[in-house]
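# Overview (structure and organization)
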Amino acid sequence: KVFALVRSRAGSKSNSDEIGKLEGDITIVEGIDVSKDDVGDALAASPLAGVTIDCLVNNAGVAGSDGFANQKLESIDMDTMRYCFEVNSLGPLRVTKALMGQIASPGGKVVVINTGMGSIKD
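Residues numbered from 1 in each chain as written. Predicted model: local features only at pLDDT ≥ 70, side-chain atom pairs only at ≥ 80, totals over all residues. Heavy atoms only, no water.

Among the nonpolar cores identified, the biggest contains 14 residues, and I32, V39, L43, I53, L56, V95 and L99 are the most heavily contacted of them. For this core, the secondary structure elements donating two or more residues are α1 (39-44) and α2 (78-99). At 4 residues, the largest contribution of residues to this core is made by α2. Sequence-distant contacts of V39, defined by excluding residues within four places in its chain, comprise I32, D33, V34, R94 and V95. (Core = buried A, V, L, I, M, F, W, Y, C linked by side-chain atoms within 4.5 Å. Buried < 20%, exposed > 50% of the residue type's maximum accessible area, 1.4 Å probe, protein only. Helix = DSSP H or I, 4+ residues; strand = E, 2+ residues; numbered from the N terminus. Contact = heavy atoms within 4.5 Å.)

A word on the environment of I26. Within the fold, I26 resides in strand β2 (residues 26-30). Put simply, I26 and K1 are 25 residues apart on the chain and 6.1 Å apart in space, counted from C-alpha to C-alpha. Residues contacting I26, with those up to four places away along its chain left out, are K1, V2 and A4.

The alternating pattern of strand β3 (residues 55-58) places L56 and N58 on a buried face, while none of C55 and V57, on the opposite face, is buried. Pairing of β3 with strand β4 (residues 109-112) involves 4 bridges; the strand directions are parallel. Paired with V57 across the strands is V111, a residue of β4. (Pairing = 2+ DSSP bridges.)

The values reported here are purely geometric and, on their own, carry no functional implication.
Written out as structure tokens, the structure is:
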């Protein structure tokens, strides 16, 4: 069983419901915004509530509207940077913290897949 947690089905750059086209035993849960501190409340009210999780995969990432390719230090937009930090760095922490009590023990796994923007080193 797979639970796909998304802000919206059409939330990707394509602005189309690509996740809904997947086959298999998948429950898509909309309205999960990892950039918000109350994401734990949304998870607790979702179909994932109380489900034992064998493997939690955090796979959210943003890189700004232009991917920061054209930004210079003197013109960095701080609101965009703040939002990227909220999603890329704090998002996986928020979700993992909210779901810790549901991760299988022993043997449960947590995976983080992210953009380079999530790296403090970069």
